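Structure assessment
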Amino acid sequence: MLNQSSPIVIIGKNAKTGARVNQLLRERGVNTRPVSRTTEIQFDWDNRNTWANALRGAKSAYVTYQPDLAIPRAADDITAFISVAKAEGIEHLVLLSGRGEEGAQTAEQILINSGLTWNVVRASWFAQNFSESFMAEGILSGELILPATNTPEPFIDVDDIAQVVVAALIEPTKHNCLFEVTGPELLTFQDCVNEIAQQLGKAIKFTEITIDEYLQMLKVQNVPISHQWLLNELFTVVFDGRNSRITDDVKLATGDAATKFSDYVAKTIAAGHWK
């Protein structure tokens, strides 16, 4: 049973998964403390002095790291964060991770070997990147430009990730497990664009460019260097075929099958995105 007197800390109040996890927990009557750089109780990965206060009085937390566990400094930050968490009496951490990222797997092992109870939710590429992130503008403009290949990816609905995280947070029988979560089908970026275009009833072109051309485009758009590095890592390393397989871990954690990409598109349109 949850200790209702202590909140579950949600690191990343406004992030795609954090907002959803917070909402699901609140709907279940669970006391939460969603934190970010802009909340009254602040949490900032770039300011370690904010960490202790954000965790104080809590027993568990959901951890999303910004910008991504793949970046070189992530392991050091996660090590320091766990030290602070232990000092503040945290007993259980759920960490969002990414598939196929060496840096992310290093961070996972730091948590797994920390002595705390833990869960790792290792996710494939978010379907919501097409509607709530850097690819949404291309869908709206009618041309998505990426350095992608024909490597298929099991894009996952972020709503499914949130359900898995909630199960990991509130069901003790799920503790000390790594859930590698994917969508139920392998799709290329072209497949995804075709599905979105068909349901929107509009033409959307998918244009593939080289990674050097893409990075130059990001530079012109003044995208931060850290994000340029991350996107280069994702498109040149993660999309080498290592993640082109499906798991059943969404159902294992929640009892429900993972959401099909076409169903994600339908509900996204119904919610008013891509207008």
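Here's what I pulled together on the structure shown here. (Residues numbered from 1 in each chain as written. Predicted model: local features only at pLDDT ≥ 70, side-chain atom pairs only at ≥ 80, totals over all residues. Heavy atoms only, no water.)

Considering the packing of helix α8 (residues 211–220) against helix α9 (residues 225–238)
At their nearest, the axes of α8 and α9 sit 10 Å apart, and the two run at 160° to each other. Regarding the angle of α8 to α9, the classification is roughly antiparallel. Read as a crossing pair, α8 and α9 show a hand that is right-handed. Together, Ile 211, Tyr 214, Leu 215, Leu 218 and Lys 219 of α8 and Gln 228, Leu 231, Asn 232, Phe 235 and Thr 236 of α9 make up the contact between the two elements. Here the residues of the contact of α8 with α9 sort into six nonpolar, three polar and one charged. (Axes fitted to C-alpha atoms, helices over the stretch in contact; angles between N-to-C directions. Helix = DSSP H or I, 4+ residues; strand = E, 2+ residues; numbered from the N terminus. Parallel < 35°, antiparallel > 145°, perpendicular 65-115°, else oblique. Left-handed = near helix turned anticlockwise from the far one by under 90°. Contact = heavy atoms within 4.5 Å. Nonpolar A, V, L, I, M, F, W, Y, C, P; charged D, E, K, R; others polar.)

Thoughts on the sheet that holds strand β2 (residues 32–35)
Read across the sheet, six strands follow the order β2-β1-β3-β4-β5-β7 without closing on themselves; strand pairing throughout is parallel. Each edge of the sheet is formed by a strand with only one pairing partner; in this case those strands are β2 and β7 (177–181). With direction set aside, neighbouring strand axes in the sheet form an average angle of 15°. Sheet analysis places strand β3 (residues 60–63) next to strand β4 (residues 92–98), joined by four bridges and oriented parallel. Residue pairing across strands places Tyr 62 opposite Val 94, the latter belonging to β4. (Pairing = 2+ DSSP bridges.)

Re the environment of Ile 161
Within the secondary structure layout, Ile 161 lies in helix α6 (residues 158–170). Sequence spacing of Ile 161 and Thr 254 is 93 residues, and the spatial spacing of their C-alpha atoms is 9.9 Å. Leaving out residues up to four positions away in the same chain, Ile 161 has contacts with Thr 17, Leu 96, Val 121, Ala 123, Phe 126, Ile 156 and Val 181.

Let's talk about the nonpolar core
Core analysis: the largest hydrophobic core is formed by 32 residues, its most contacted members being Trp 125, Phe 130, Leu 146, Phe 155, Phe 189, Phe 235 and Phe 261. Elements supplying a minimum of two residues to this core: β6 (143–146), α7 (189–200), α8, α9 and α11 (261–270). With residues up to four places along the chain from it excluded, the contact list for Phe 189 reads Trp 125, Phe 130, Met 135, Leu 146, Ala 148, Phe 155, Phe 206, Phe 235 and Phe 239. (Core = buried A, V, L, I, M, F, W, Y, C linked by side-chain atoms within 4.5 Å. Buried < 20%, exposed > 50% of the residue type's maximum accessible area, 1.4 Å probe, protein only.)

Observations regarding the side chain of Gln 228
Position of Gln 228 relative to the elements: it lies in helix α9. Residue class for Gln 228 comes out buried when judged on its relative accessible area of 13%. Ignoring sequence-local partners within four residues, the contact set of Gln 228 consists of Leu 215, Leu 218, Lys 219 and Val 223.

Side note on the packing of aromatic side chains
In this structure the tally under the stated criterion is 23 aromatic pairs. An aromatic cluster of at least three residues, connected via ring pairs, comprises Trp 125, Phe 130, Phe 134, Phe 155, Phe 189, Phe 206, Tyr 214, Phe 235, Phe 239, Phe 261, Tyr 264 and Trp 274. (Phe/Tyr/Trp six-rings, centres within 6.5 Å; stacked < 30°, edge-to-face > 60°.)

Some details on unusual backbone geometry
Following Gln 66, the chain continues into Pro 67 via a peptide bond in cis, with omega recorded as 0°. By the secondary structure assignment, Pro 67 is in the loop between β3 and α3 (74–87). Its identity as a non-glycine residue notwithstanding, Asn 176 has a phi of 60°, on the positive side. Topologically, Asn 176 is positioned in the loop between α6 and β7. Among the residues examined, Asn 176 registers a relative accessible area of 40% and is labelled partly exposed. At Trp 274, a residue that is not glycine, the phi angle is positive and equals roughly 60°. Relative to the helices and strands, Trp 274 resides in the segment after α11.

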